[in-house]
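Each chain, letter by letter, is given below.
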Amino acid sequence: MRTLILYFVLWFCTLAGPLGCSSIAPRELAQSVVADTHLGWRSAPENQLVFSLATVSGVAQVELQPLPEEFTLLTLELPGMRKVEGIQWQDESGQSTVLYDGEDGLDGVSLQSRGYGFELQLQLSSMDYLRNGGVLTVIDQKR
């Protein structure tokens, strides 16, 4: 069923590309790093990437390929997460950067509670970290 939904979203984005949906297939830009991290894709306005990231263990990791320059906003939905303790970025060379430490985030990092989960938005200077690809790790406090 998830596969069918994913194919529908990708098909819709391909057809609606000129109308505002990104024409780059999201599957080419991100993939799960650990087995219990699941990705879900959302259609997005032009120049934006929107997906959801769910995990059972409380530590979710996703590998992002280098992002085209036209992407100015990445929105990550985090359903089921209760209290995000940290968000870290590790680039291709192994250099790590803390994007959010549980209280504060870098410029352009916004974490909002959305009922059952969170929504993370990365834009402005925080997108500069993601441009060349690497691994995004989100750590949730499980009770």
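Residues numbered from 1 in each chain as written. Predicted model: local features only at pLDDT ≥ 70, side-chain atom pairs only at ≥ 80, totals over all residues. Heavy atoms only, no water.

Things to note about the environment of Pro 66
Residue position: Pro 66 is located in the loop between strand S4 (59–64) and strand S5 (73–79). Accessibility expressed as a relative area gives 48% for Pro 66, which makes it partly exposed. As for Pro 66 and Glu 28, which are separated by 38 residues in sequence, their C-alpha atoms are 9.8 Å apart. Other than its neighbours up to four places away in sequence, Pro 66 contacts Leu 29, Arg 131, Asn 132 and Gly 133. (Helix = DSSP H or I, 4+ residues; strand = E, 2+ residues; numbered from the N terminus. Buried < 20%, exposed > 50% of the residue type's maximum accessible area, 1.4 Å probe, protein only. Contact = heavy atoms within 4.5 Å.)

Quick word on the packing of aromatic side chains
Evaluation of the coordinates by the stated rule reveals 1 aromatic pair. Taking the centre distance of 5.1 Å and the plane angle of 50° together, the rings of Trp 41 and Phe 51 count as tilted. Within this pair, whereas Trp 41 is found in strand S2 (residues 37–42), its partner Phe 51 is found in strand S3 (residues 48–55), the two being separated by 10 residues in sequence. In this structure, Trp 41 and Phe 51 share a single accessibility class: buried. (Phe/Tyr/Trp six-rings, centres within 6.5 Å; stacked < 30°, edge-to-face > 60°.)

What about the confidence of the model for the protein chain?
Averaged over all residues, the pLDDT of the protein chain is 82; the fraction at 70 or higher stands at 80%. Low pLDDT, under 50, characterises residues 1–23; the predicted model gives this stretch 25 contacts beyond four residues in sequence or across chains. (pLDDT = per-residue confidence, 0-100.)

Structural notes on the side chain of Thr 75
Along the chain, Thr 75 turns up in strand S5. Separated by 3.4 Å, the side chains of Thr 75 and Gln 121 make a polar contact. (Polar contact = N/O pair within 3.5 Å; in protein donor to acceptor, adjacent residues only side chain to side chain.)

Re the pattern of salt bridges
Applying the stated criterion to the full structure yields 3 salt bridges. Between Arg 131 and Glu 69 there is a salt bridge whose closest N-O contact spans 3.8 Å. Of this pair, Arg 131 sits in the loop between helix H2 (126–130) and strand S10 (134–140) while Glu 69 sits in the loop between S4 and S5, and the two are 62 residues apart along the sequence. The salt bridge partner of Glu 119 is Arg 114, with a shortest N-O separation of 3.1 Å. Judged by relative accessible area, which is 15%, Glu 119 ranks as buried. (Salt bridge = Lys/Arg side-chain N within 4 Å of Asp/Glu carboxyl O.)

As for unusual backbone geometry
The phi torsion of most residues other than glycine is negative, and most of the peptide bonds are trans. Even without being a glycine, Asn 47 presents a positive backbone phi close to 70°. Within the secondary structure, Asn 47 sits in the loop between S2 and S3. With relative accessibility at 29%, the residue Asn 47 sits in the partly exposed group. One non-glycine residue with positive phi stands out, namely Leu 124, at about 55°. By the element assignment, Leu 124 lies in the loop between strand S9 (117–123) and H2.

Observations concerning the sheet that holds S10
Read from one edge to the other, the open sheet built from 5 strands follows the order S1-S4-S10-S6-S7, with strand pairing classed as antiparallel. With partners counted over all chains shown, the strands left at the sheet margins are strand S1 (30–32) and strand S7 (96–100), one partner each. Sheet twist, expressed as the mean angle between neighbouring strand axes with direction ignored, is 25°. As paired elements, strand S6 (residues 84–91) and S10 share 7 bridges and run antiparallel to each other. Among the inter-strand pairings, Gln 90 is bridged to a residue of S10, identified as Val 135. (Pairing = 2+ DSSP bridges. Axes fitted to C-alpha atoms, helices over the stretch in contact; angles between N-to-C directions.)

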